[in-house]
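Next come the chains, spelled out residue by residue.
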Amino acid sequence: MSSLDVKGDLHDYLRGARDTLVWKLDGLGEYDVRRPLTPTGTNLLGLVKHNAAMEVMYFGEVFGRTPDVSLPWLLDGAEPNADMWARPEETRQRIVELYRSTWELTDATIDELPLDALGRVWWWGDSPVTLHRVLVHVTSETQRHAGHADIIRESIDGSAGFLSGHDSLRISDPASWKTFHDRIEEAARLADGD
């Protein structure tokens, strides 16, 4: 890939964020991928569902392209925030399959349209937007949600990092992390006057 391949670079970052988001589910039981770990209910499987909806809307609806996949949580009459959590009968496997199938629509839109192709994000207002802007937006949102997933996963079992099989953290010994954590806690207390 040429260093001037802006579309290819952005697409690679989107693919990496998608892979990270799905990877964060690996090795966890059903409870852990579904349980809310923030006051607003953020959970791992909900992040995957949300990103599936985001790709269908931004790379399908915005550019007048019809997806080959139907996401029940986007249908008229779906409850608010249905894309942010998984019902007990919704399997992890099916949600991940649906998410992966949205990649086909997204990848085709990115491959077939030029970066200056115009679409309309009706929920942003009436102005047209370019594929370039949508690609930057969705890539940054997916990276953001992959970061949420990283923190949620670390809260569950201490697993952290953005690539499977690659320790991107500078401290690899769990005991060292505890020491590092305690040092930061002490600094915070001292700064607060405790």
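Just above sits the structure.
Residues numbered from 1 in each chain as written. Predicted model: local features only at pLDDT ≥ 70, side-chain atom pairs only at ≥ 80, totals over all residues. Heavy atoms only, no water.

> Describe the overall build of the chain, listing the residues and the values that go with them.
Of regular secondary structure, the chain possesses 6 helices and 2 strands. From first element to last, N terminus to C terminus, the chain shows the α and β order α-α-α-α-β-β-α-α. With 194 residues in all, the chain has 39% of them scored as buried. Within the chain, contacts between residues separated by at least 24 positions form 70% of all contacts whose residues are at least 6 apart in sequence. (Helix = DSSP H or I, 4+ residues; strand = E, 2+ residues; numbered from the N terminus. Buried < 20%, exposed > 50% of the residue type's maximum accessible area, 1.4 Å probe, protein only. Contact = heavy atoms within 4.5 Å.)

> Could you give an account of the side chain of Asp-107, naming the residues involved and the relevant values?
Positionally, Asp-107 belongs in helix H4 (residues 92–112). Owing to a relative accessible area of 19%, Asp-107 belongs among the buried residues under this scheme. Setting aside chain neighbours within four positions, we find Asp-107 in contact with His-11 and Arg-18.

> I'd like a rundown of a nonpolar patch on the surface, residues and numbers included.
A contiguous nonpolar surface patch, about 270 Å² in accessible area, is contributed by Trp-177, Phe-180 and Ile-184. Within the fold, Phe-180 resides in helix H6 (residues 174–192). (Patch = residues over 30% accessible without salt bridge, like charges linked within 9 Å, V, L, I, M, F, W, Y side chains within 5 Å. Areas by Shrake-Rupley, 256 points an atom, 1.4 Å probe, with all protein chains shown as cover. Salt bridge = Lys/Arg side-chain N within 4 Å of Asp/Glu carboxyl O.)

> Run through the pattern of salt bridges, naming residues and quoting values.
Counted according to the given criterion, the structure contains 15 salt bridges. Connected through shared salt-bridge partners, Arg-18, Glu-55 and Asp-107 make up one network.

> I'd like to hear about unusual backbone geometry, residue by residue, with values.
Negative phi values dominate among residues other than glycine, just as trans dominates among peptide bonds. Of note, the phi angle at Asn-81 is positive, near 65 degrees, even though the residue is not glycine. For Asn-81, a relative accessible area of 53% puts it in the exposed group.

> Provide a residue-level description of the nonpolar core, including the pertinent values.
Among the nonpolar cores identified, the biggest contains 25 residues, and Leu-25, Leu-44, Leu-71, Trp-73 and Tyr-99 are the most heavily contacted of them. Within the residue set of this core, elements represented by two or more residues are helix H1 (6–23), helix H3 (44–59), H4 and helix H5 (131–157). Those residues in contact with Leu-25, other than ones at most four positions away along the chain, are Val-33, Leu-44, Leu-45, Val-48, Arg-92, Val-96 and Arg-153. One finds Leu-14, Phe-59, Phe-63 and Leu-113 within the second-largest nonpolar core, a separate group that totals 16 residues. (Core = buried A, V, L, I, M, F, W, Y, C linked by side-chain atoms within 4.5 Å.)

> Mind laying out the packing of aromatic side chains, listing which residues take part and the relevant values?
For the structure on display, the rule yields 4 aromatic pairs. Considering the side-chain rings of Tyr-58 and Trp-124, the 5.9 Å spacing of their centres and the 55 degrees angle between planes classify their relative orientation as tilted. Placement of the pair is Tyr-58 in helix H3 and Trp-124 in the loop between strand S1 (118–120) and strand S2 (128–130), with a sequence separation of 66 residues. For the ring pair Trp-122 and Trp-123, a centre distance of 5.1 Å and an interplane angle of 85 degrees mean the geometry is edge-to-face. (Phe/Tyr/Trp six-rings, centres within 6.5 Å; stacked < 30°, edge-to-face > 60°.)

> Could you give me a rundown of the environment of Ile-95, with the residues and numbers involved?
As for its placement among the helices and strands, Ile-95 is situated in helix H4. Excluding its chain neighbours within four sequence positions, the residues that come into contact with Ile-95 are Leu-45, Val-48, Lys-49, Ala-86 and Glu-90.

Everything listed here is a matter of coordinates, which is why it stays silent on function.
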